[in-house]
Amino acid sequence: LEAAVKRIRPKGETDPKPLAVTYEALATVARHEGELTVYRRAVAGQVRTVREHLQPDDPLREAATTALGDMWLTLGNLQQAISVFESAERDALAKGQRKSAMLLALRLAWIAMVMEKGDKAQAIIDEVASRPVAREPDMALVLNVVRLRMAIFDGDES
C-alpha cells in the first residue's frame, strides 16, 4: 500500500479520490497491524489530499474528518479527538447534514462516557434525542444502540 501511495501521489492533484482511498486503506491496515506512525502519516495524507483537492461537500471529506478524529482516539489524544468531532458537528449542522451531525454528536457522547463523564454523555444523548432527525427510524435505532452500549459500559444490567 505504501508503494501504491507513492505511485499514485503524483496524480493526486488531478485525480485525488484514488489517492485518498489508498491512504485510507493504508491507514486501516497500519492501525490493525499496530504501526501507529504509518497510521498517523496515512490519515494525515488522506486528510491533506481531500482538503486540498476535493469540494467541501464531497463525502470523502467527511470520511477523512471522521478518520482524523478516530486517529486521535487511537493515539490516546482525547482532547484533540473532541476538538475534531465538535468542529465537524458544527460544520455538518451548518450544512444541514443532520444525520452526520447526529452521528458526530454520538461519538462525543461516547468519548465523554469513556472519560467517565457520564453526566456530560447523558446531556449529549438527551440533546441529540431532541433533534427531529433522531425520530427517523434508522437514526432512532442508532441512538438506541448507543444508549444500550453506554448502559452496558456503565454496568447497568437492566
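In case you missed it, the structure is sitting above this.
This text gives an overview of the structure that appears in the document. (Residues numbered from 1 in each chain as written. Predicted model: local features only at pLDDT ≥ 70, side-chain atom pairs only at ≥ 80, totals over all residues. Heavy atoms only, no water.)

## Structural notes on the side chain of Gln46
Here is step 1 of the chain: Within the element layout of this structure, Gln46 appears in helix α3 (residues 36-53).
Here is step 2 of the chain: Gln46 sits in the buried class, given a relative accessible area of 2%. (Helix = DSSP H or I, 4+ residues; strand = E, 2+ residues; numbered from the N terminus. Buried < 20%, exposed > 50% of the residue type's maximum accessible area, 1.4 Å probe, protein only.)

## Notes on helix α4 (residues 59-74)
Here is step 1 of the chain: An ideal rise of 1.5 Å per residue puts 22 Å on 16 residues; α4 measures up with 22 Å between its terminal C-alpha atoms.
Here is step 2 of the chain: Listing the buried residues of α4 in full gives Leu60, Ala64, Thr65, Thr66, Ala67, Leu68, Gly69, Asp70, Met71 and Trp72.
Here is step 3 of the chain: In the core, the buried residues of α4 are packed alongside α2 (16-33), α3, α5 (78-94) and α6 (98-114).
Here is step 4 of the chain: Its side-chain oxygen placed 2.8 Å from the backbone nitrogen of Leu60, Asp58 serves as the N-cap of α4. (Expected span 1.5 Å × (residues − 1). Contact = heavy atoms within 4.5 Å. Polar contact = N/O pair within 3.5 Å; in protein donor to acceptor, adjacent residues only side chain to side chain.)

## Remarks on the nonpolar core
Here is step 1 of the chain: With 46 residues, the main nonpolar core has Val43, Leu68, Met102, Leu106, Ile125, Val128 and Leu143 as its most contacted residues.
Here is step 2 of the chain: Of all the elements, α6 adds the most residues to this core, at ten residues. (Core = buried A, V, L, I, M, F, W, Y, C linked by side-chain atoms within 4.5 Å.)

## Brief notes about the environment of Glu116
Here is step 1 of the chain: Structurally, Glu116 is set in the loop between α6 and α7 (118-129).
Here is step 2 of the chain: Under the relative-accessibility criterion, Glu116 is labelled exposed at 72%.
Here is step 3 of the chain: Residues Glu116 and Asp154 lie 38 residues apart in sequence; the distance between their C-alpha atoms is 9.1 Å.

## Focus: the pattern of salt bridges
Here is step 1 of the chain: Tallied over the full model, the rule gives eight salt bridges.
Here is step 2 of the chain: Here Arg107 makes a salt bridge to Asp70, at a shortest N to O gap of 2.5 Å. One end of the pair, Arg107, is in helix α6; the other, Asp70, is in helix α4, and 37 residues separate them in sequence.
Here is step 3 of the chain: Connected through shared salt-bridge partners, Arg98, Lys99, Glu136 and Asp138 make up one network. (Salt bridge = Lys/Arg side-chain N within 4 Å of Asp/Glu carboxyl O.)

## Quick word on the environment of Glu24
Here is step 1 of the chain: The topology assignment puts Glu24 in helix α2.
Here is step 2 of the chain: Given the relative accessible area of 33%, Glu24 is considered partly exposed.
Here is step 3 of the chain: Spatially, the C-alpha atom of Glu24 lies 16 Å from that of Lys11, the residues being 13 residues apart in sequence.

## Points about the packing of α6 against α7
Here is step 1 of the chain: In the contact formed by α6 and α7, the axes pass within 7 Å of each other and the chain directions differ by 165°. Our classification of the angle between α6 and α7 gives roughly antiparallel. Judged by the sense of rotation from one axis to the other, the crossing of α6 with α7 is left-handed. Only Gly118, Lys120, Ala121, Ile124, Ile125 and Val128 of α7 make contact with α6, whose side of the interface consists of Met102, Ala105, Leu106, Leu108, Ala109, Ala112 and Met113.
Here is step 2 of the chain: Looking at the contact of α6 with α7, its residues break down into eleven nonpolar, one polar and one charged. (Axes fitted to C-alpha atoms, helices over the stretch in contact; angles between N-to-C directions. Parallel < 35°, antiparallel > 145°, perpendicular 65-115°, else oblique. Left-handed = near helix turned anticlockwise from the far one by under 90°. Nonpolar A, V, L, I, M, F, W, Y, C, P; charged D, E, K, R; others polar.)

## A look at α3
Here is step 1 of the chain: With 18 residues, α3 should cover 26 Å at 1.5 Å per step; its first-to-last C-alpha distance of 26 Å lies within 8% of that length.
Here is step 2 of the chain: Summarising the contacts, the buried residues of α3 are in contact with α1 (2-8), α2 and α4.

## Side note on the layout of surface pockets
Here is step 1 of the chain: When its volume is computed, the largest pocket comes out at roughly 360 Å³.
Here is step 2 of the chain: Lining the largest pocket are 22 residues, with Arg61, Glu62, Thr65, Asp91 and Lys95 sitting closest to its centre.
Here is step 3 of the chain: At the level of elements, α3, α4, α5 and α6 are the ones that each hand at least two residues to the lining of the largest pocket.
Here is step 4 of the chain: For the lining of the largest pocket, the leading source of residues is α4, giving seven residues. (1 Å grid on protein atoms, 1.4 Å probe; cavity = no way out; pocket = protein on both sides within 12 Å on 5 of 7 lines; lining within 4 Å. Points joined across faces, edges and corners; volume = space filled by probe spheres on them.)

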